[in-house]
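# Report on the structure
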Amino acid sequence: MTAIIRLSSLHLCLTLAKGSGEFKWKGDTRKMRTTLTDTGVTNVPNITNVTYEEIDVGQTASYTREVSERDIQLFAAASGDVNPLHLDADYAAGTQFGERIAHGMLTGGFISAALAMALPGPGCLYRGQTLRFRLPVKIGDVITVTLEVTEKKDRTRLVTLDCKAANQDGKLVTSGTAEVIAPTEKLVVPLPEAPDFG
């Protein structure tokens, strides 16, 4: 049995496999699919996009993620960037940072996640991104990405967003500008589970 439940809250916290992500939306509601199984009720969250027509200049969304050792290891494996600054504590201790730091593009990935998951969400096409890395990100830092729509181009459905990533102390670690083509079709899709690589 499957039912759709509308959440009246504007704040939804999701726990992803061996990590967590937090999504915040302003002025929007999300749906959750509830499935009755042999072991009880399971809530499977759905994700809803924001179509071009629904997007307004000044609209914001945010995404929060804690940087883990596992994130750095997986990013190094996926990208091939095995710089010892990210992976070797002894080497990193002798650098200006005094300890290992996360890959800059890991924070860039969090910006990508905010675009794909919150604003505009599923169905958007990521066209371009500028990034400026301002401060190092360390294991255990809690990074919040804030997106703000700064421009819309009706002919192409191109949306420009200001992107800021700040740590748990409110210090800006990364900033930039993203361009996406926003979807025209409203989508409500089940949120897949994050891959678990053991």
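In case you missed it, the structure is sitting above this.
Attention in this report is confined to the structure presented alongside it. (Residues numbered from 1 in each chain as written. Predicted model: local features only at pLDDT ≥ 70, side-chain atom pairs only at ≥ 80, totals over all residues. Heavy atoms only, no water.)

## Notes on the overall build of the chain
As a reminder of what qualifies: Starting at the N terminus, helices and strands are each numbered in turn, a helix being any DSSP run of H or I of at least four residues and a strand any DSSP run of E of at least two. With a 1.4 Å probe rolled over the protein chains alone, any residue whose accessible area is under 20% of its type maximum counts as buried; one over 50% counts as exposed, and the rest are partly exposed. Any two residues whose heavy atoms approach within 4.5 Å at even a single point are treated as in contact. Here the Shrake-Rupley method, with its probe set to 1.4 Å, supplies the accessible areas, and only the displayed protein chains count as covering residues.
For the chain, the count of helices and strands is four helices and eleven strands. A buried classification covers 38% of the 198 residues belonging to the chain. A fraction of 65% describes how many contacts in the chain between residues 6 or more apart in sequence connect residues 24 or more apart. When the accessible area of the chain is evaluated, it comes to approximately 10,800 Å², of which 53% is carbon and sulfur surface.

## Focus on helix α4 (residues 104–117)
Side chains of residues three or four places apart in an α-helix project in the same direction, reflecting 3.6 residues per turn. How we decide: Helix span, expected: 1.5 Å multiplied by one less than the number of residues in the helix.
In this model α4 runs 20 Å from its N-terminal to its C-terminal C-alpha over 14 residues, within 8% of the 20 Å that 1.5 Å per residue would give. Taken together, the buried residues of α4 touch β6 (60–66), α1 (69–79), β7 (125–133), β8 (142–153), β9 (158–166) and β10 (172–181).

## Some points on the side chain of Arg-100
Basically, it comes down to this: The definition of a polar contact used here is a pair of N or O atoms within 3.5 Å, where within protein one atom must be able to donate a hydrogen and the other to accept one, and adjacent residues in sequence count solely through side-chain atom pairs.
By secondary structure assignment, the location of Arg-100 is in the loop between α3 (89–93) and α4. According to the relative accessible area criterion, Arg-100 is buried, its value standing at 14%. Here the side chain of Arg-100 touches Glu-69 through a polar contact of 2.9 Å, side chain to side chain. A polar contact is formed between the side chain of Arg-100 and the backbone oxygen of His-86, at a distance of 2.7 Å.

## Thoughts on the packing of aromatic side chains
Here is the rule: When two rings of Phe, Tyr or Trp (its six-membered ring) have centres within 6.5 Å they constitute a pair, described as stacked for plane angles under 30 degrees, edge-to-face for angles over 60, and tilted for the intermediate range. When the NZ atom of lysine or the CZ atom of arginine is within 6 Å of a ring's centre and also within 35 degrees of its normal, the charge is said to sit over that ring.
Tallying each qualifying case throughout the model produces one aromatic pair. Aromatic pair Tyr-63 and Phe-110: ring centres 6.4 Å apart, planes at 55°, arrangement tilted. Of this pair, Tyr-63 sits in strand β6 while Phe-110 sits in helix α4; the two residues are 47 residues apart in sequence, bridging distant segments of the chain. The same class applies to Tyr-63 and to Phe-110, which are both buried. The residue whose ring lies beneath Lys-152 is Tyr-52, and the NZ or CZ to ring-centre distance is 4.1 Å.

## Structural notes on the environment of Asp-196
Within the secondary structure layout, Asp-196 lies in the segment after β11 (188–190). Judged by relative accessible area, Asp-196 falls into the partly exposed class, the value being 48%. A distance of 3.5 Å separates the side chain of Asp-196 from the side chain of Arg-70, its partner in a polar contact.

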